[in-house]
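Notes for the structure review
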Amino acid sequence: MIARLLILIARGWQKGPSAVMPPSCRFQPSCSAYAITAVERYGAARGSWLALKRIMRCHPWGGQGPDPVP
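Conventions adopted
Residues numbered from 1 in each chain as written. Predicted model: local features only at pLDDT ≥ 70, side-chain atom pairs only at ≥ 80, totals over all residues. Heavy atoms only, no water. UniProt positions renumbered as here; feature names shortened; annotations may be inferred. Helix = DSSP H or I, 4+ residues; strand = E, 2+ residues; numbered from the N terminus. Rg over C-alpha atoms; globule rule 2.2 N^0.38 Å. Buried < 20%, exposed > 50% of the residue type's maximum accessible area, 1.4 Å probe, protein only. Disulfide = S-S within 2.5 Å. 1 Å grid on protein atoms, 1.4 Å probe; cavity = no way out; pocket = protein on both sides within 12 Å on 5 of 7 lines; lining within 4 Å. Points joined across faces, edges and corners; volume = space filled by probe spheres on them. Nonpolar A, V, L, I, M, F, W, Y, C, P; charged D, E, K, R; others polar. Salt bridge = Lys/Arg side-chain N within 4 Å of Asp/Glu carboxyl O.

An unreviewed UniProt entry annotates the protein chain as Putative membrane protein insertion efficiency factor of Sphingomonas ginkgonis. Word for word, the UniProt comment on the protein chain under Subcellular location (unreviewed entry) is "Cell membrane".

Within the protein chain, the regular secondary structure consists of four helices and two strands. Written out in order from the N terminus, the α and β elements of the protein chain read α-α-β-α-α-β. Against the compact-globule benchmark of 11 Å for 70 residues, the protein chain has a radius of gyration of 12 Å, which places it among compact chains. Taking the principal axes of its C-alpha atoms as reference, the protein chain extends roughly 35 × 25 × 15 Å. Across the 70 residues in the protein chain, those meeting the buried criterion constitute 23%.

The next thing to look at is the state of the cysteines. Across all of its chains, the model carries zero disulfides by this definition. For Cys 31, which is in no disulfide, the shortest distance to another cysteine sulfur is to Cys 58 and amounts to 4.5 Å.

A few words on the layout of surface pockets. A volume near 610 Å³ is recorded for the largest pocket. Lining the largest pocket are 26 residues; nearest its centre among them are Trp 13, Ser 30, Cys 31, Ser 32 and Ile 55. At the level of secondary structure, the elements contributing two or more residues to the lining of the largest pocket comprise α1 (2-15), α3 (31-42) and α4 (44-56). Of the residues forming the lining of the largest pocket, the biggest block, six residues, is contributed by α1. Along the lines of polarity and charge, the residues of the lining of the largest pocket split into 18 nonpolar, seven polar and one charged.

Two side chains carrying opposite charge are able to pair once their charged atoms lie near each other. In total, this model carries two salt bridges according to the counting rule given. Across the salt bridge formed by Arg 54 and Asp 67, the nearest N and O atoms sit 3.6 Å from each other. You can see Arg 54 sitting in helix α4 and its partner Asp 67 sitting in the segment after β2 (65-66), a full 13 residues away along the chain. Here Asp 67 and Arg 57 are joined by a salt bridge, their closest N and O atoms 2.3 Å apart. Taken together, the positions of Asp 67 in the segment after β2 and Arg 57 in the loop between α4 and β2 put the pair ten residues apart, joining distant regions of the chain. Residues participating in the shared-partner salt-bridge network are Arg 54, Arg 57 and Asp 67.

Following this line, the structure appears as structure tokens:
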């Protein structure tokens, strides 16, 4: 149930603010798609942790390019 809520929030981000902002993702897939996949694959707790770690790496001095969910 919590996992579904987290996925709903990520999909809302994809359809709302992210859809009207210019593309600026440093990684492939985007952080929201990464979060959805991580929560689906690992559940709410571990998937959220992986998504949070990914979001924390998203800054000008962080990496870029392909970064699939482990």
